[in-house]
Each structure stands twice: as structure tokens, then as C-alpha cells.
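# Structural characterization, general
These are the residues of each chain, in order.
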Amino acid sequence: SAQEIVVKEQIMQPAGKRGADISSPSTIYNPSDSPLHLSVRLTDQALATDEYSYFCIGEQCFDPNTTELIDFVEIAPGAKFEAFAAVIKSGISDGQSTLTYTFFDAHQPQIQEEVTLSYLISDEVPKPVLFQDQRIELVELYPNPVVDYLQVAYNVLRPGLQAKGVIHNVLGTA
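A short tour of the structure in this document, coming up. This structure is a prediction, so every number in the text was calculated from the model and none was measured.

## Some remarks on the overall build of the chain
Across its full length, the chain holds zero helices and 13 strands. Reading the secondary structure of the chain in the N-to-C direction produces β-β-β-β-β-β-β-β-β-β-β-β-β. Principal axes of the C-alpha set define a box for the chain whose edges measure 55 × 45 × 35 Å. For the chain, buried positions account for 31% of its 174 residues. Taking the contacts inside the chain whose residues are at least 6 apart along the sequence as the reference set, 64% of them involve residues at least 24 apart. Working note: accessible area of the chain is about 10,700 Å², and carbon and sulfur atoms make up 50% of it. Mean positive and mean negative side-chain charge positions of the chain (10 and 23 charges, respectively) differ by 9 Å.

Now the structure itself:
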């Protein structure tokens with residue numbers, strides 16, 4: 001198949017408190033049949049004046065002045081790389097900040113994928129999201145484990161979208 005990069009954000013809108021490091025890990029897939037020489041570049045950011053951003057590869061976090069890393073890992077055909085995280089050190093104000101990264105192949109720079117992450121900064125951090133895609137997020141299940149009833153808290157992310165929930169037991173039956 002043609003060479004391409006597929007980036008899946010694990011947290012679509014990372015949230016954290018003021019003064020905290022707020023991290024957003026991403027998984028990078030290589031669906032093609034040839035190796036991918038992964039590179040990353042910070043292409044845009046909208047931060048408060050008292051905020052800064054950086055990124056980490058595994059346990060190694062780079063200086064905020066590092067905006068590009070070339071050919072830092074080779075991803076085999078059909079494999080994925082799960083050690084990238086974009087981080088914002090939030091300031092003292094509530095608000096929203098964004099980072100835009102471009103992932104590209106060092107040997108074929110025209111093969112690229114751009115990802116924009118929006119960070120929510122507030123001392124009133126929402127409950128952690130259990131599952132999220134582009135249409136819906138599942139926020140809470142209670143009680144866990146389920147006995148006689150289940151309360152589900154969710155948010156529909158696309159206005160006007162109708163949702164239907166189906167609950168399955170551990171055997172997969174509804």
C-alpha cells in the first residue's frame with residue numbers, strides 16, 4: 001500500500017489544573033508496506049504568556065526550545081509507536097491552549113499528518129473520560145461492578161447526532 005502516517009490521539013481534549021503539566025499521548029501507525037522514519041515538528045501553538053510546551057519520547061522529555069526531531073524512530077510496516085506525548089506546562093489562568101504537530105517521514109517529507117490538540121486548563125477539571133471518539137465520550141459508569149442497574153454519563157460531541165446505547169454482559173450478549 002502507499003506510504004502514509006496515521007496518528008490517533010488518545011485524549012482528544014486533554015484537561016488539567018492550572019500550574020500542571022498536561023500530557024496528551026498519541027499513537028502513530030504505519031499502515032503501509034515499507035518502513036516509516038518518523039519525524040515530528042511543532043508547527044503552531046496558541047499558549048498563554050505564562051505557559052510553555054514540550055514533547056516527550058518515552059521517558060525522555062525535550063527542552064521547550066526543541067521544536068523538531070528528525071528520524072527519531074523507525075516504525076516497521078503495520079506497526080505502531082506509542083511513546084510520543086505532547087505536553088503543556090499550564091500557567092495561572094483558566095482557558096484553552098492549542099498545539100499543532102506535524103508528523104512526517106524523514107526520507108519522504110511529503111508523507112505527513114498534522115494533529116491539533118486543544119488543552120483545557122481549569123481548576124475545575126472534568127471527570128476523566130473512559131472512552132471517546134469523534135462522536136461521543138463516555139464519562140462515568142456507576143456502580144462498577146454492575147449489580148441490578150447501571151448509570152451511564154456520556155456526552156454527544158456532534159450537535160444533532162442521535163445516539164443509542166447497548167449494554168452487553170461479559171459473555172457479549174445484550
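## Things to note about the nonpolar core
Judged by nonpolar contacts, the single largest core of 25 residues is most densely connected at Ile28, Phe55, Phe84, Tyr101 and Phe103. For this core, the secondary-structure elements that each account for two or more residues are strand 3 (21–29), strand 4 (36–46), strand 5 (52–57), strand 7 (68–75), strand 8 (80–89), strand 9 (95–105) and strand 10 (112–121). Discounting chain neighbours no more than four positions away, the residues touching Tyr101 are Val40, Arg41, Leu42, Thr43, Tyr54, Phe55, Phe84, Ala86, Glu113, Glu114 and Val115.

## Notes on the packing of aromatic side chains
Counted according to the given criterion, the structure contains seven aromatic pairs. For the pair Phe55 and Tyr101, a centre-to-centre distance of 6.0 Å together with 90 degrees between the ring planes defines the contact as edge-to-face. You can see Phe55 sitting in strand 5 and its partner Tyr101 sitting in strand 9, a full 46 residues away along the chain. Of the residues examined, Tyr101 reaches a relative accessible area of 2% and is grouped as buried. Ring centres of Phe84 and Phe103 lie 5.0 Å apart, and the angle between their planes is 80 degrees; on these two criteria the pair is classed as edge-to-face. Highlighted residues: Phe84 in strand 8 and Phe103 in strand 9, separated in sequence by 19 residues. Overall, Phe84 belongs to the buried group, its relative accessible area being 1%.

Here is what the cut-offs are and how they apply
- Residues numbered from 1 in each chain as written.
- Predicted model: local features only at pLDDT ≥ 70, side-chain atom pairs only at ≥ 80, totals over all residues.
- Heavy atoms only, no water.
- Helix = DSSP H or I, 4+ residues; strand = E, 2+ residues; numbered from the N terminus.
- Buried < 20%, exposed > 50% of the residue type's maximum accessible area, 1.4 Å probe, protein only.
- Contact = heavy atoms within 4.5 Å.
- Areas by Shrake-Rupley, 256 points an atom, 1.4 Å probe, with all protein chains shown as cover.
- Lys, Arg positive; Asp, Glu negative; His and termini not counted.
- Charge placed at Lys NZ, Arg CZ, Asp CG, Glu CD.
- Core = buried A, V, L, I, M, F, W, Y, C linked by side-chain atoms within 4.5 Å.
- Phe/Tyr/Trp six-rings, centres within 6.5 Å; stacked < 30°, edge-to-face > 60°.

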